[in-house]
Amino acid sequence: METKTGRQPSSFAGKVKALLMRAWRERWTDIQWGVQLKRVLASTGGDPKDLPGILFSEILVHQALVGPNPNTLILSFLKYTVLSQVVPPSAAFNLITSFDDLSKPFCTLGLIDLAEAFACNLSFTCSLDSSLTLCKCLQNTLHWLMLCIHQSLQMIKDGHSPPEILTIIDSASMAAQKIGDNTTVQALLYVAMSEDTDKFHDFEQTKVNVQGTLSQLQSDVVPGQTRLKVASALKSLLKVQELALPTQSVLEVSHLAICPTVNGLVSLEAILNPTSDIQPFVEQLCVTEKLLKLNRSYLYCELFRACFMGLVDSADSQEELKWAAFTYLKLPQVLLKFNQQSPGQDFGKELEQGFDLLLNSVPLLDLTDVRLNCEALLQLIHECMKYDLLSKPQIERLLTRRRNESAKPAKNSQPTTQPSASLILRAESTVTSILKTLEEKVPYDRPGKEPHTLDADCSKNQDALMGVLCQMLSGKSFELILAAAAATGELQSFATKLIKINEFAKQSQGEAGKAAQTRVLLFDISFLMLCHITQLHGMEIFSQMISVTPEYADSFFIQWAQRCLPEDGRYKCVDNYSGTDQAKVDLLLSQLTRGDEIKQSLTRWHEICLNAPFAIQEVLFAWEHGALGSDNVKVILERCQSRMCSIPVVMSAWLCSYMNTVGDDAREKPLQMLQRLQVKINSPDPEIYYVERSHLMGIILRKMVNDILPTHMKDMTMQFIPPNSVPSEVMEKCLQGVMNKGWVDLKSVHTLEQLLNLCGSDWFCDRAILHMLSSNRLEDLTQALGLLFAVFHLDLEHITLSLLLHTVPKLLQSADKQQLLTDPRGYILAKACVLCIVAAQTARSVAGKASMSHIRRGYNKRSRKEMELENLDEQDSRPLKRMKTMEPQLTLDSEGFNLDFLTAKDDGEASPVIDTKDPLNKALANLMRLMNAITHSTMISPRTSFIVAFIEESIKCGGQYSQYILQFIPPQMLSQIMKSIPGVFSNQQIVHICDLSNITGRKVAAKCVCQNSKIRQD
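Residues numbered from 1 in each chain as written. Predicted model: local features only at pLDDT ≥ 70, side-chain atom pairs only at ≥ 80, totals over all residues. Heavy atoms only, no water.

A. Region of interest: the overall build of the protein chain. Along its length, the protein chain carries 44 helices and zero strands. Counting across all 1018 residues of the protein chain, residues that qualify as buried make up 56%. Long-range pairs, those at least 24 residues apart, make up 79% of the contacts in the protein chain between residues at least 6 apart in sequence. About 43,700 Å² of surface is accessible on the protein chain, with carbon and sulfur atoms providing 51% of the total. (Helix = DSSP H or I, 4+ residues; strand = E, 2+ residues; numbered from the N terminus. Buried < 20%, exposed > 50% of the residue type's maximum accessible area, 1.4 Å probe, protein only. Contact = heavy atoms within 4.5 Å. Areas by Shrake-Rupley, 256 points an atom, 1.4 Å probe, with all protein chains shown as cover.)

Given below as structure tokens:
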């Protein structure tokens, strides 16, 4: 074996040298040389890429450079041999770049011409070398040309240069420029940047050295023409950096009157998320700003415009305080957060420009002033001034312009009611004062006491606490305080202190007289307040409190609310009322039937609340069986109302749960009891604040029982889906109204939220997308997408999963839905997918956990999608039916999920680190596999153009956003698309579709760039 491999090169070299001698003597043409050479290679055997081809190139170069001048005939033979694909070009490139003897200038010039001929005339699509090898060879060749220029300039600088040295500089510069101007070469060099970072760094350093050395030489030493050629070469090589794709807008909204996405996001935040932290909302705005490529001042203007439109829309409605709280309390905090996150920008100037843009909407500002009976813009600017967001000269200029341009009518009289803006601003200071008072009366972190415990000593401050709580119950004070506390992020702190008061007051310490009565009232009022807060903002308000201090999870109110309190029309199981002491129930029942007073000094009030449902159960059953008459029941219920307002609340909660489990024929008497508990009675004692307590109790009971009432008795104020209506018709009408307006109004927000809760994310996403795609004009489609992108933030995570797993696959696989994928509908749908994916992924990363924390409140019932997510790892999950004509599809309950199909691993390369349990990752992988199957089909259809548009829109996101989506593209998918539709992607797009950080991505990128070389020149 050793003899054979040792003789073959020697024998082959002899044949080549003999062939060269014969060609020299007979002056063969290139064609004659090629014919004879192939005979020699055929007689030798083996692949030209192997040893014979490499050795042949080495022999020719060595023979051509024997003397001081190159043998042009042999160089022409080598040129023909490489360009005719007889031997691999990499062998010739490597030999050229290894030559560094500038003492033979004519040989250097010959090699420069040869390198230019190879690089500019090479067939990238039919090369014997791999595409990735060509990348490295081209980079090495350009590096060698720069080294020739630098060494030549250095020789001139040192003063011992031959006369031909300027010719080398000119020739190398023109060769580098010509090679660098080739767009295919530029793309391959971009790939080579990631292949070997050390070599690329050396290449960049050589260019810097050339520029530096040239600048040090006098103009009379190096002619101007030579300097221009070197500069042109360097400029051409800089074009590689231009392949870095600039971030483009996925959705263009600058032509619309208002930005529907920002307007919709603000509406959802103000109406549905009044208690949420501002950071997720700021992140939503930042993502929207990047995806839509919005100017920061324009973004501020749209925020202000959305707030004023909301204030006008909600005037004299139940949501007016929410909008006022968001506009004047939360929005300045949002602006402050923007200021903190962008330290390098001139925030004050951008904010001033935003207000300037808003001042162009004079009719809107005038209408807002009239509806709110105040200077709305003036109030907002003053709130911004509190945070030092604007300087005094800026404020004066803005207010002067507003006064000069205002066209509203003059006021004839003073308004009869105070403006909501003024009320909410005053409520903010009231919240601060109340929290400070409660902090003093209900200490948390006093020295010598364990912080954040439930055993604070409130016994010395009962009267003061009583005064604070009762003052809050008067008029609309409590609603204002809750709205202000929610907007300023203090609602949770406020609820925490109420929990502490309720825990303190639930058990008597043996007091008598007024002290005992005060303790009863403290328990009753704190319980009612906590019920109202829970009805308005859901149990989520206590979740963070429990995570910080787990002791609160055992508090009476939280335990009772979790088990018994109905929430958003969902009644708890009647079996949750269990584990009571029957003797205590009998005692309470006896007191209610005989009218005996409850001994306040020895009573545990939380036990009264736990036993009251069973007492009312006995009364109900006795009434149903005729043991009690309706008059007796009425007296018992009145006694319940006269004692404590919390007792009717817990009784009503049980009655609602009971009615929810029985048929219509058994609901009559429980319904009468509920109605009786809502009837106001005369105050038994004016000094115990009964009117205020009963008023709050009435609000709680009306909200609690409304969903269990018959249709004709329900309060339809907050019911936005009419009875007996078809949800699809309601959805269609609502979306059509939103599209006609161009923005999401208050009624539409509630309607869409209730439809989503009623029908689920799959149905909701299907209807919304089909409505969007029903438009024909591009402008209408763009506006519809902007609105739906905001609406999808109702439940972004699940709607995005529905879009990727349900809606889009159904459109791609349904033959009768192909017309919905024709452009411009197809690429608008692609934009929708990309927008939702990026927004959902960003929200998840901000939340820092598997599920998003910033979603609409209250709707905690598990949807089908949520149950699928919870069953990801169940071993006994039944696999869904799979299409026989397509590749197997991943589903949310797929077992053994992996992403090996995404990378063709070689050279020991590891698989990418991807969370295989993340449902969004699985949904994206599922969609990509379906797309891959479609691209391998035998027909080009609108489905194919949708896939192309999806990839193009993903690229536009730029940075981590596009990388997240494109990492799931199977390697063979890109090549297959380019085979089906040649030239569909530019070289610039190709290098950003592929992940150049791994070798597989670089191979795919280089292959596709070479495949693209004869189709399009960018």
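Read on, since the account is not over.
B. Fine view of the packing of aromatic side chains. In this structure the tally under the stated criterion is 18 aromatic pairs. Note on Phe 523 and Phe 527: the rings are 6.1 Å apart at their centroids and 20° apart in plane angle, and the pair reads as stacked. Remark: Phe 527 and Phe 523 occur in helix H24 (residues 514-537); sequence separation between them is four residues, near one turn of the helix. Each ring, one from Phe 557 and one from Trp 560, has its centre 6.2 Å from the other, and the planes form 45°; the classification is tilted. Note that Phe 557 and Trp 560 are positioned in helix H26 (residues 556-564) at a spacing of three residues, about one turn of the helix. (Phe/Tyr/Trp six-rings, centres within 6.5 Å; stacked < 30°, edge-to-face > 60°.)

C. Quick look at helix H14 (residues 296-313). Here H14 contains 18 residues, and its C-alpha end-to-end distance of 26 Å stays within 8% of the 26 Å for a straight helix at 1.5 Å per residue. Burial of H14 is extensive: 17 of the 18 residues sit out of reach of the surface. (Expected span 1.5 Å × (residues − 1).)

D. Main features of helix H27 (residues 582-594). Compared with an ideal rise of 1.5 Å per residue, which puts 13 residues at 18 Å, H27 spans 18 Å between its outermost C-alpha atoms and is within 8% of the ideal. Taken together, the buried positions of H27 are occupied by Val 585, Leu 588, Leu 589, Ser 590, Gln 591 and Leu 592. Looking at the buried positions of H27, the neighbouring elements they touch are helix H28 (605-624), helix H29 (630-643) and helix H30 (646-659). A positive backbone phi angle near 80° is found at Gly 595, which sits one or two residues after H27.

E. Focus on the packing of helix H12 (residues 260-272) against helix H35 (residues 778-791). Interaxial distance between H12 and H35 falls to 8 Å at its minimum, and their mutual angle equals 25°. With respect to their mutual orientation, H12 and H35 come out roughly parallel. As for how H12 packs across H35, the hand of that crossing is right-handed. Of H35, the residues touching H12 (which contributes Pro 260, Thr 261, Gly 264, Leu 265 and Leu 268) are Gln 783, Gly 786, Leu 787, Phe 789, Ala 790 and Val 791. Residues belonging to the contact of H12 with H35 are distributed by class as follows: seven nonpolar, four polar and no charged. (Axes fitted to C-alpha atoms, helices over the stretch in contact; angles between N-to-C directions. Parallel < 35°, antiparallel > 145°, perpendicular 65-115°, else oblique. Left-handed = near helix turned anticlockwise from the far one by under 90°. Nonpolar A, V, L, I, M, F, W, Y, C, P; charged D, E, K, R; others polar.)

F. Just the nonpolar core, in detail. One finds Phe 308, Phe 355 and Trp 560 to be the most contacted residues of the largest nonpolar core, which totals 336 residues. The dominant element in this core, judged by the number of residues it contributes, is helix H7 (residues 131-158), at 14 residues. Those residues within four positions of Phe 308 in sequence are excluded, and the remaining contacts are Tyr 328, Leu 358, Leu 364, Leu 365, Thr 368, Ala 376, Leu 377 and Leu 380. (Core = buried A, V, L, I, M, F, W, Y, C linked by side-chain atoms within 4.5 Å.)

G. Layout of the packing of helix H21 (residues 462-473) against helix H23 (residues 491-505). Between H21 and H23, the least distance of the axes is 13 Å, while the angle of their chain directions is 130°. Judged by the angle between their axes, H21 and H23 are oblique. Between H21 and H23 lies a crossing of left-handed hand. Mapping the contact onto sequence places Gln 462, Leu 465, Leu 469 and Met 472 in H21 and Phe 494, Leu 498, Ile 501 and Phe 504 in H23. Taken together, the residues that form the contact of H21 with H23 break down as seven nonpolar, one polar and no charged.

H. The pattern of salt bridges, seen in detail. Evaluated as defined, the whole model comprises 29 salt bridges. Linking Arg 402 and Asp 369 is a salt bridge whose minimum nitrogen-to-oxygen distance equals 2.8 Å. On the criterion of sequence distance, the pair formed by Arg 402 in helix H19 (residues 392-405) and Asp 369 in helix H17 (residues 362-372) is long-range, its members being 33 residues apart. Classification of Asp 369 by relative accessible area gives buried; the value is 4%. Asp 766 is paired through a salt bridge with Lys 810; the nearest N and O atoms lie 2.6 Å apart. Of this pair, Asp 766 sits in helix H34 (residues 746-773) while Lys 810 sits in helix H36 (residues 796-813), placing them 44 residues apart in sequence. A cluster of three or more residues bridged by salt bridges with shared partners is formed by Glu 352, Asp 356, Arg 397, Arg 401 and Glu 405. (Salt bridge = Lys/Arg side-chain N within 4 Å of Asp/Glu carboxyl O.)

I. Seen up close, the environment of Asp 101. Here Asp 101 shows up in the loop between helix H5 (89-97) and helix H6 (105-121). On the accessibility criterion, Asp 101 (29% relative accessible area) is partly exposed. In sequence terms Asp 101 and Cys 148 are 47 residues apart; their C-alpha atoms lie 9.7 Å from each other.

J. View of unusual backbone geometry. Cis rather than trans, the peptide bond between Asp 823 and Pro 824 has omega equal to 10°. Structurally, the position occupied by Pro 824 is in the loop between H36 and helix H37 (825-847). In this structure, Lys 293 takes a positive phi of about 50° despite not being glycine. Its place among the elements puts Lys 293 in the loop between helix H13 (278-292) and H14. With a relative accessible area of 51%, Lys 293 lands in the exposed category. Backbone geometry at Asp 316 places phi at a positive 65°, although glycine is not the residue there. On the basis of relative accessible area, Asp 316 is assigned to the exposed category, the value being 76%.

K. View of the side chain of Asp 524. Position of Asp 524 among the secondary structure elements: in helix H24. Look at Asp 524 and you get buried, because its relative accessible area is 0%. Polar contacts involving the side chain of Asp 524 include one to the main-chain amide nitrogen of Cys 645, which spans 3.0 Å. Engagement of the side chain of Asp 524 in a polar contact is seen with the side chain of Arg 693, the distance being 2.5 Å. Other than its neighbours up to four places away in sequence, Asp 524 contacts Met 644, Cys 645, Ser 646 and Arg 693. (Polar contact = N/O pair within 3.5 Å; in protein donor to acceptor, adjacent residues only side chain to side chain.)

L. The arrangement of the environment of Ser 1013 in detail. Tracing the backbone through its elements, the reader meets Ser 1013 in the segment after helix H44 (999-1012). For Ser 1013, a relative accessible area of 8% corresponds to the buried category. Measuring from C-alpha to C-alpha, the distance between Ser 1013 and Val 185 comes to 9.2 Å, with 828 residues separating the pair along the chain. What Ser 1013 contacts, discounting residues up to four positions off in sequence, is Phe 124, Thr 125 and Thr 184.

M. Highlighting the environment of Ile 165. Here Ile 165 lies in helix H8 (residues 165-180). The class of Ile 165 is buried, set by a relative accessible area of 2%. Along the chain, Ile 165 and Leu 153 lie twelve residues apart, while their C-alpha atoms are 8.3 Å from each other. For Ile 165, the contacting residues outside a window of four places in its chain are Ser 152, Met 155 and Ile 156.

N. Spotlight on the confidence of the model for the protein chain. Taken residue by residue, the protein chain gives an average pLDDT of 82. The fraction at 70 or more is 85%. Between residues 1-9, whose pLDDT stays under 50, and residues either more than four places distant or in other chains, the model counts four contacts. Contacts for the low-pLDDT stretch residues 443-456, under 50 throughout, to residues beyond four places or in other chains number 26 contacts. (pLDDT = per-residue confidence, 0-100.)

O. View of the side chain of Lys 572. The residue Lys 572 is located in the loop between H26 and H27 in this model. The charged side chain of Lys 572 is buried without a salt bridge, its nearest counter-charge being Glu 567 at 5.1 Å. From its side chain, Lys 572 meets the backbone oxygen of Ala 561 in a polar contact 3.1 Å long. For Lys 572, the side chain forms a polar contact with the main-chain oxygen of Leu 565, separated by 3.1 Å. Setting aside anything within four residues of it in sequence, one finds Lys 572 in contact with Ala 561, Gln 562, Arg 563, Cys 564, Leu 565 and Ser 657. (Lys, Arg positive; Asp, Glu negative; His and termini not counted.)

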